[in-house]
Amino acid sequence: KAGVTQTPRYLIKTRGQQVTLSCSPISGHRSVSWYQQTPGQGLQFLFEYFSETQRNKGNFPGRFSGRQFSNSRSEMNVSTLELGDSALYLCASSTGTDEKLFFGSGTQLSVL
Amino acid sequence: GIQVEQSPPDLILQEGANSTLRCNFSDSVNNLQWFHQNPWGQLINLFYIPSGTKQNGRLSATTVATERYSLLYISSSQTTDSGVYFCAVPEAGGGNKLTFGTGTQLKVEL
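Please read all numbers here as calculations on a predicted model, not as lab measurements. (Residues numbered from 1 in each chain as written. Chains lettered and ligands numbered in written order. Predicted model: local features only at pLDDT ≥ 70, side-chain atom pairs only at ≥ 80, totals over all residues. Heavy atoms only, no water.)

J.: Residues and numbers for the overall build of chain B, please.
T.: Across its full length, chain B carries zero helices and eleven strands. Counting from the amino terminus, helix and strand elements in chain B follow one another as β-β-β-β-β-β-β-β-β-β-β. For chain B, the C-alpha radius of gyration of 13 Å lies close to 13 Å, the compact-globule estimate for 110 residues. Dimensions of chain B, computed from C-alpha atoms along their principal axes, come out at roughly 45 × 25 × 20 Å. Residue pairs at least 24 apart in sequence account for 54% of intrachain contacts in chain B once pairs closer than 6 positions are excluded. Summed over all atoms, the accessible surface of chain B reaches about 5100 Å², with 48% contributed by carbon and sulfur. (Helix = DSSP H or I, 4+ residues; strand = E, 2+ residues; numbered from the N terminus. Rg over C-alpha atoms; globule rule 2.2 N^0.38 Å. Contact = heavy atoms within 4.5 Å. Areas by Shrake-Rupley, 256 points an atom, 1.4 Å probe, with all protein chains shown as cover.)

The following block contains the structure:
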């Protein structure tokens, strides 16, 4: 069974641009969560989608948004990029609530 | 929100040595997960362990939910064990909103 797939692996953007990251969960998994990892703040929860509905949201500004499609694939979007948005963005999938999380390899975003 | 603390923050071992990593959390939780982040950034789920003890090869984990802590044991360490070990617990209210600890950076040397 294929694991969680995130694309692209690396991204370089400039301030003010927007970016879209993609995540394909493990087949059969309906929950997709997104996390941001930075050296200063560690791993922080962004949001979770389950059956195309946002189920939980972290403490990030509205510039961070996401969605989930009917095939459970998910995208997250960051608009008006800031230097502080440079981070490793990790996607995780699971079958449902309070279940084991499986992470993708992440997208390393650099904002110049 | 829930607080998660890990110790030690850094650990250097000689290959073959054993170690114990600790995770303390501030509130009752439904589950706890241990992850290993390798040098390439990949987070690997090691254990899903709400309570009790689980073993997987040279690794084992114990969670004592009533005392709000979990331990990860690594025996006969290998250089491939190097990386950062995180524990994570869910926020109250369900879902998969996990709070991660700050991690233990492990380096295993020959």
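J.: Go over the interface of chain B and chain A with me, naming the residues and quoting the values.
T.: Tallying the contact residues gives 19 residues for chain B and 24 residues for chain A. Roughly 1700 Å² is buried in total at the junction of chain B and chain A, and carbon and sulfur atoms are behind 48% of that figure. If you look at where chain B meets chain A, you find zero salt bridges. Considered class by class, the residues forming the side of chain B that touches chain A number eight nonpolar, ten polar and one charged. (Buried area = accessible area lost by both parts, 1.4 Å probe. Salt bridge = Lys/Arg side-chain N within 4 Å of Asp/Glu carboxyl O. Nonpolar A, V, L, I, M, F, W, Y, C, P; charged D, E, K, R; others polar.)

J.: An account of the layout of surface pockets is needed here, citing residue identities and associated values.
T.: There is about 510 Å³ of room inside the largest pocket. As for the largest pocket, its lining consists of 20 residues, and the residues nearest its centre are Leu43 and Gln44 of chain A together with Glu91, Thr99 and Phe100 of chain B. Elements with a contribution of two residues or more to the lining of the largest pocket: strand E5 (42-50) of chain A together with strand E1 (4-7) and strand E10 (98-100) of chain B. A per-element tally of the lining of the largest pocket places E5 of chain A first, with four residues. By residue class, the composition of the lining of the largest pocket is seven nonpolar, ten polar and three charged. (1 Å grid on protein atoms, 1.4 Å probe; cavity = no way out; pocket = protein on both sides within 12 Å on 5 of 7 lines; lining within 4 Å. Points joined across faces, edges and corners; volume = space filled by probe spheres on them.)

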